[in-house]
Amino acid sequence: GTHSEIGFYAMKIGDLTRRALIKFAGLYVNDEIFQMAAWHSAFAWDHAIAQFPSLKIRNLNSAGARGHVWPHTALDEYTVHSKGKRKDQ
């Protein structure tokens, strides 16, 4: 019922991250996205990184918040992420 927030991500480029990015892009380039249960980018991203279980992921939402997690990250102090209900603010 949840998926990654991919409005912002940073990565240290190495073999696994390159492979995950290639997998992610391939979902679109090869139209594989249309065979998936959902077609949005976060769903596709989660699918791509799941192929590499040893890839180290650091979730910026250490508070374990649900819904719009951006306000619960360290980045909220420095940026505005107007998504969902925050678009009108």
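The notes below deal with the structure included here.

Reading the values: the criteria
- All residue numbers here refer to positions counted from 1 along the written sequence of the relevant chain.
- For a predicted model such as this one, the threshold for reporting local features is a pLDDT of at least 70, and the threshold for listing and counting side-chain atom pairs is 80 or more; totals across whole chains, interfaces and linings nevertheless cover every residue.
- Side-chain numbers here rest on the full set of heavy atoms in the structure, without hydrogens or water.
- What makes a nonpolar core is a set of buried Ala, Val, Leu, Ile, Met, Phe, Trp, Tyr and Cys residues whose side-chain atoms join them at distances within 4.5 Å.
- Under the scheme applied here, a residue whose accessible area is under 20% of the maximum for its type counts as buried, over 50% as exposed, and between as partly exposed, the area being computed with a 1.4 Å probe on protein chains only.
- A run of H or I in DSSP becomes a helix once it reaches four residues, and a run of E becomes a strand once it reaches two; helices and strands are each numbered from the N terminus.
- In what follows, a contact means two residues having at least one pair of non-hydrogen atoms within 4.5 Å.
- Note on aromatic contacts: the rings of Phe and Tyr and the six-membered ring of Trp form a pair at centre separations within 6.5 Å, being stacked when their planes are under 30 degrees apart, edge-to-face when over 60 apart, and tilted otherwise.

**Here's the deal with the nonpolar core**
General note: in soluble globular proteins, nonpolar side chains tend to be found buried as a group. Judged by nonpolar contacts, the single largest core of 13 residues is most densely connected at A20, F24, L27, A44, W45, I49 and L55. Within the residue set of this core, elements represented by two or more residues are α1 (15-29) and α2 (41-50). Per-element accounting of this core gives the leading share, five residues, to α2. Beyond its immediate stretch of four places on either side in the chain, A44 contacts F24, L27, Y28, I33 and M36.

**Observations regarding the packing of aromatic side chains**
Counted according to the given criterion, the structure contains three aromatic pairs. Centre to centre, the rings of F24 and Y28 are 5.7 Å apart; their planes meet at 85°, and the pair counts as edge-to-face. Taken together, the positions of F24 and Y28, both in helix α1 and four residues apart, correspond to about one turn of that helix. Measuring from centroid to centroid gives 4.8 Å for F34 and W39, while their planes differ by 85°, and the two rings are edge-to-face. Classification of W39 by relative accessible area gives exposed; the value is 53%. Among the aromatic residues, those joined into a cluster by ring pairs are F24, Y28 and W45.

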